[in-house]
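Architecture at a glance
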Amino acid sequence: MEARWKIAFILAMALAIGFIAYTLIGPGSGGSQAQMKLELDRIMKENQNLREKNRRLTLEVDALKRRRDYLEKVSRDELGLVKRGEVVIHLKDPEEKP
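Residues numbered from 1 in each chain as written. Predicted model: local features only at pLDDT ≥ 70, side-chain atom pairs only at ≥ 80, totals over all residues. Heavy atoms only, no water.

1. Notes on the overall build of the protein chain
If you tally the helices and strands in the protein chain, you get three helices and zero strands. Reading the secondary structure of the protein chain in the N-to-C direction produces α-α-α. Referenced to the eigenvectors of the C-alpha coordinate spread, the extents of the protein chain come out at roughly 110 × 40 × 15 Å. Summed over all atoms, the accessible surface of the protein chain reaches about 9,800 Å², with 63% contributed by carbon and sulfur. Of the side-chain charges in the protein chain, 19 are positive and 15 negative, and the distance between the mean point of each set is 6 Å. (Helix = DSSP H or I, 4+ residues; strand = E, 2+ residues; numbered from the N terminus. Areas by Shrake-Rupley, 256 points an atom, 1.4 Å probe, with all protein chains shown as cover. Lys, Arg positive; Asp, Glu negative; His and termini not counted. Charge placed at Lys NZ, Arg CZ, Asp CG, Glu CD.)

Shown next, in the form of structure tokens:
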């Protein structure tokens, strides 16, 4: 009976040592953790950039809703709109080739 306990103890110890070794140097070890840390840092930075872009867009929407002068500027600059009765003259750059 004593021999069975020794064998069971040795097998349990070997299993425990194998599990510890697998945990320390196996697929879930430091290499993949380092990759996950890099990925997390990249995602956090991208998320911060998107938050800042969202903040700027919110300010622009607010300005378009509340400031008539800004709405007119954007309408003219980005959409090419003009007021009734205005004449738009497009001048070519003299250095530009036809």
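2. So, the pattern of salt bridges
Within the structure shown, the criterion is met by eleven salt bridges. A salt bridge links Glu46 to Arg42; its shortest N-O distance comes to 3.1 Å. Taken together, the residues Glu46 and Arg42, both in helix H2 (residues 30–66) and four residues apart, mark about one turn of the helix. The salt bridge partner of Arg55 is Glu52, with a shortest N-O separation of 2.6 Å. Residue Arg55 and its partner Glu52 are both found in helix H2; the two are separated by three residues, about one turn of the helix. The partly exposed category is assigned to Glu52, whose relative accessible area is 28%. One salt-bridge network, in which partners are shared between bridges, spans Glu72, Arg76, Lys83 and Glu86. (Salt bridge = Lys/Arg side-chain N within 4 Å of Asp/Glu carboxyl O. Buried < 20%, exposed > 50% of the residue type's maximum accessible area, 1.4 Å probe, protein only.)

3. Here we look at the environment of Glu95
Looking at the element boundaries, Glu95 is found in the segment after helix H3 (68–79). Taking the relative accessible area as the measure of exposure, Glu95 reaches 74% and is therefore exposed. Linking Glu95 and Met36, residues 59 residues apart in sequence, is a C-alpha distance of 54 Å.

4. Concerning H3
For H3, built from twelve residues, the straight-helix expectation of 16 Å at 1.5 Å per residue is met to within 8% by its first-to-last C-alpha distance of 15 Å. Directly beyond the C-terminal end of H3, a positive phi value near 70° is found at Gly80. (Expected span 1.5 Å × (residues − 1).)

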